[in-house]
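# Structure assessment
These are the residues of each chain, in order.
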Amino acid sequence: MAVDIKTVERIATLSKLEFSETEKQEITVDMNRMLDFVAQLSTADTEGVKPLIYMLEEEAELRKDEVIGSITQQDALKNAPEKDSDFIKVPKVINKD
Amino acid sequence: MHMLAQEIYDKYELVVGLEIHAQLLTKSKAYSSDSSEFGAQPNTHVNPITLGHPGTLPKFNENTLQYGVRLGLAVGSDITYENQFARKNYFYADLPKGYQITQDKTPLCTGGKITIKVGKGTKDIGITRIHMEEDSGKSIHDLDPFHTLIDLNRAGVPLLEIVSEPDIRSAQEAYDYLTEVRQLVRYLEVCDGNMEEGSMRCDANVSMRLKGAPKFGERTETKNLNSIRNVFRAIEFEAKRQVEVLEAGGVIKMETMGFDAVTGETRTLRSKEMAHDYRYFPEPDLQAVFVGKNYVSDVKETLPALPKELKEKYTSALKLSDYDAEVLTEEKHFALFYEELIGLTKSYKTAANWMMGAVKSYLNENALEIKEFPLKPKHIAELIDLIESGAINNSIANQKVFPALVEHPELSAKTLAEKNNWIQESDTEALEGFINEAIAKFPAKVEEFRAGNKNLLGLFMGEVMKASKGKADPKVTSNLLREKLEQ
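Cut-offs used in this document
- Residues numbered from 1 in each chain as written.
- Chains lettered and ligands numbered in written order.
- Predicted model: local features only at pLDDT ≥ 70, side-chain atom pairs only at ≥ 80, totals over all residues.
- Heavy atoms only, no water.
- Helix = DSSP H or I, 4+ residues; strand = E, 2+ residues; numbered from the N terminus.
- Rg over C-alpha atoms; globule rule 2.2 N^0.38 Å.
- Buried < 20%, exposed > 50% of the residue type's maximum accessible area, 1.4 Å probe, protein only.
- Contact = heavy atoms within 4.5 Å.
- Areas by Shrake-Rupley, 256 points an atom, 1.4 Å probe, with all protein chains shown as cover.
- Lys, Arg positive; Asp, Glu negative; His and termini not counted.
- Charge placed at Lys NZ, Arg CZ, Asp CG, Glu CD.
- Pairing = 2+ DSSP bridges.
- Domains from an automatic or database assignment.
- Buried area = accessible area lost by both parts, 1.4 Å probe.
- Salt bridge = Lys/Arg side-chain N within 4 Å of Asp/Glu carboxyl O.
- Polar contact = N/O pair within 3.5 Å; in protein donor to acceptor, adjacent residues only side chain to side chain.
- Patch = residues over 30% accessible without salt bridge, like charges linked within 9 Å, V, L, I, M, F, W, Y side chains within 5 Å.
- Disulfide = S-S within 2.5 Å.
- Phe/Tyr/Trp six-rings, centres within 6.5 Å; stacked < 30°, edge-to-face > 60°.
- Lys NZ or Arg CZ within 6 Å of the ring centre and 35° of its normal.

All right, on to the overall build of chain A then. Broken down by element type, chain A carries 3 helices and 1 strand. Reading chain A from its N terminus to its C terminus gives the helix and strand order α-α-α-β. Here the C-alpha radius of gyration of chain A, 22 Å, is well above what a compact globule of 97 residues would show, namely 13 Å. Taken over the C-alpha atoms alone, chain A extends approximately 55 × 45 × 25 Å along its principal axes. Looking at chain A residue by residue over its 97 residues, the buried ones come to 20%. Counting only contacts in chain A whose residues sit at least 6 apart along the sequence, the fraction spanning at least 24 positions is 26%. About 8100 Å² of surface is accessible on chain A, with carbon and sulfur atoms providing 56% of the total. Of the charged side chains in chain A, 13 are positive and 21 negative; the average position of the first set lies 8 Å away from that of the second.

Residue and element names in this part refer to chain B. Within the open sheet, the 3 strands sit side by side as β5-β4-β16. Their pairing is antiparallel. Each edge of the sheet is formed by a strand with only one pairing partner; in this case those strands are β5 (99-102) and β16 (281-282). Examined bridge by bridge, strand β4 (residues 86-89) and β5 share 4 bridges and lie antiparallel to one another. The residue of β5 that forms the bridge with Asn89 is Tyr99.

Residue and element names in this part refer to chain B. In terms of domains, chain B is made up of domain 1 (6-295), domain 2 (305-419) and domain 3 (428-485). Between domain 1 and domain 2, the C-alpha centre-to-centre distance is 38 Å. Listed per partner, the contact involves 9 residues of domain 1 and 14 residues of domain 2. When the two sides are added together, the surface that domain 1 and domain 2 hide from each other amounts to roughly 830 Å², 48% of it contributed by carbon and sulfur. Counting the surface domain 1 buries against domain 2, the share from its top three residues, Lys117, Gln183 and Tyr187, is 64%. For the interface between domain 1 and domain 2, the tally reads 2 salt bridges. The closest approach of N and O atoms between Lys332 and Glu189, which form a salt bridge, is 2.8 Å. For the interface between domain 1 and domain 2, the tally reads 6 residue pairs in polar contact (both at pLDDT 80 or more).

Here the focus is a nonpolar patch on the surface. Residues and elements named next belong to chain A. Nonpolar side chains collect at one region of the surface, where Phe37, Val38 and Leu41 lie side by side and expose about 340 Å² of accessible area between them. By the secondary structure assignment, Phe37 is in helix α2 (residues 21-38). Here Phe37 falls in the exposed class, since its relative accessible area comes to 59%.

With the rule as written, the count across this model stands at 0 disulfides over all chains. Cys109 of chain B forms no disulfide, and the closest cysteine sulfur to it belongs to Cys191 of chain B, at a distance of 15 Å.

Before going further, it helps to spend a moment on the interface of chain A and chain B. On the chain B side, the residues contacting the 37 residues of chain A number 53 residues. Around 4100 Å² of area is buried between chain A and chain B when both sides are counted, 57% of it from carbon and sulfur atoms. When the buried surface of chain A facing chain B is broken down by residue, Tyr54, Arg63 and Asp65 of chain A rank first, second and third, together holding 20% of it. Here Asp144 of chain B makes a salt bridge to Lys89 of chain A, at a shortest N to O gap of 3.9 Å. For the interface between chain A and chain B, the tally reads 25 residue pairs in polar contact (both at pLDDT 80 or more).

Attention shifts here to the pairing of β4 of chain B. Residues and elements named next belong to chain B. Burial of the side chains of β4 extends over both faces: Ala86 and Lys88 are buried on one face and Arg87 and Asn89 on the other. Across 2 bridges, the pairing between β4 and β16 is antiparallel. Of the residues in β16, the one forming a bridge with Arg87 is Phe281.

All right, on to the packing of aromatic side chains then. When we look at a pair of aromatic rings, we describe it by the centre distance and by the angle of the planes. Residues and elements named next belong to chain B. Applying the stated criterion to the full structure yields 14 aromatic pairs over all chains. Taking 5.2 Å as the distance between ring centres and 50° as the angle between the ring planes, the aromatic pair formed by Tyr81 and Phe290 counts as tilted. Of the two residues, Tyr81 sits in the loop between β2 (78-79) and β3 (82-83) while Phe290 sits in strand β17 (residues 289-290), which places them 209 residues apart along the sequence. Overall, the relative accessible area of 26% leaves Phe290 in the partly exposed class. Judged by centre distance (6.2 Å) and plane angle (80°), the rings of Tyr278 and Tyr280 are edge-to-face. Members of the aromatic cluster, joined through ring pairs, are Phe337, Trp354, Tyr362, Phe373 and Phe402. Stacked on the ring of Tyr278, the Lys or Arg Lys88 has its end atom at 4.3 Å from the ring centre. Above the face of the Phe449 ring, Lys454 is positioned so that its terminal group lies 4.6 Å from the ring centre.

Right, here's the structure in full:
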């Protein structure tokens, strides 16, 4: 499965990332290298083997529906690059055209 | 808005499927233990899991599962044994992790149906699936002119997404289906069903096809409709819009639409060509949840009586009308009050009339819910007994005893009637006095009555009632009057 520049552009758009042309070229090379590495797995015979989703055999442990509490509003907003006293501020999401 | 002749619209058939998001009434969030309560100060119900900080791990709320199974059982779904979670990836400011934890290939419930009324009959709307997921935070677009503001209190609140089959054929059917679902989630106490506050939201998938066409047309999805009425309006508008596009030789594209409640119009929010790539994959941070037969049967034990079962019981076993059954079961606790009442009296129809008459008017006038009603079913049962024993008549019961009882729920109907001298007069001697007075007052009317105008009995009854201050037993009085007048 070869990655071309179109795939890189598409993934970049979905991740809301921008790259220069040079970067795109480099990423294409890198991604192909990674996929080639992982492709070794496909040489294994997986006939009749169920897909492995979890590393553990156990089932999920359920949590009781109890409120243990939250962090303070100040802490909640601490890492936001832009904020006011109540909210995290981000660029306008909806364009009104 | 009619751009085309009605017969053009009539060539097409509307096809609708609905997706409902129901916020669950759990105390804590789906995967973390901060509060999921609505209405707190912004960004105060968050913790590092909600914020998607590196190194945090989700832990699944057992009530999300229980509520999901409750709803699934109530609509007749199959409950999935092995439940996996999946990541649905998309980038949006109110989704801190960059993905939503949802279910993809193993929805908790599959199949089932909701039955709605269509004309005199009924119609089943199929349920495709119900799965568990988490809500996103809230984006506020209109408070700040240059920014979108983010409140993450809602992020991680558990949701059930209820997906219907494309079985709906009119805006009215969509309206009825939603009404049924809302009533059901309220009966089950899994969601408060409040669409205006956003605890129940609806997306409508709408397409049109020529009548008789074997395949569905391309559909659009109208998002985040916030009332049942707006779902109805959006579908009506979207149906017409699509016919107009098709008739003009255009094609319907798969698009996401928004609905403007002020203009009643839908408009394109975004095209789906690119955006619809959620790159689902199994959530590695949560193990699968196994829902065994014992768990399912335990949940089944706790299910309350459902509206359709109560309606069925009222119309067949109690012989009430469809209308009565409908009104009595509209709201769960109102129905439960009636349920308790009919355990105390066998006069089912009379009991229903009291519920739908005096009780309902009292609640409406005072803007109360039945839970806040001062009287208990036993009060109403005693009142009914008092009428049926002949001690008071209906109008005294309605106009005097009921209002007094509401003021003094600590007293019984009987005590109040006796104390206030409302026990009706069925003693023949006392009644004869009133009757003689009435007859003496209107000699000309007596002649008319004797000449054949039997309707005048009502006039004399009225006189006796007035003179006795409403306490005359109507049955005894009317018999006595007839006797006297016909002498």
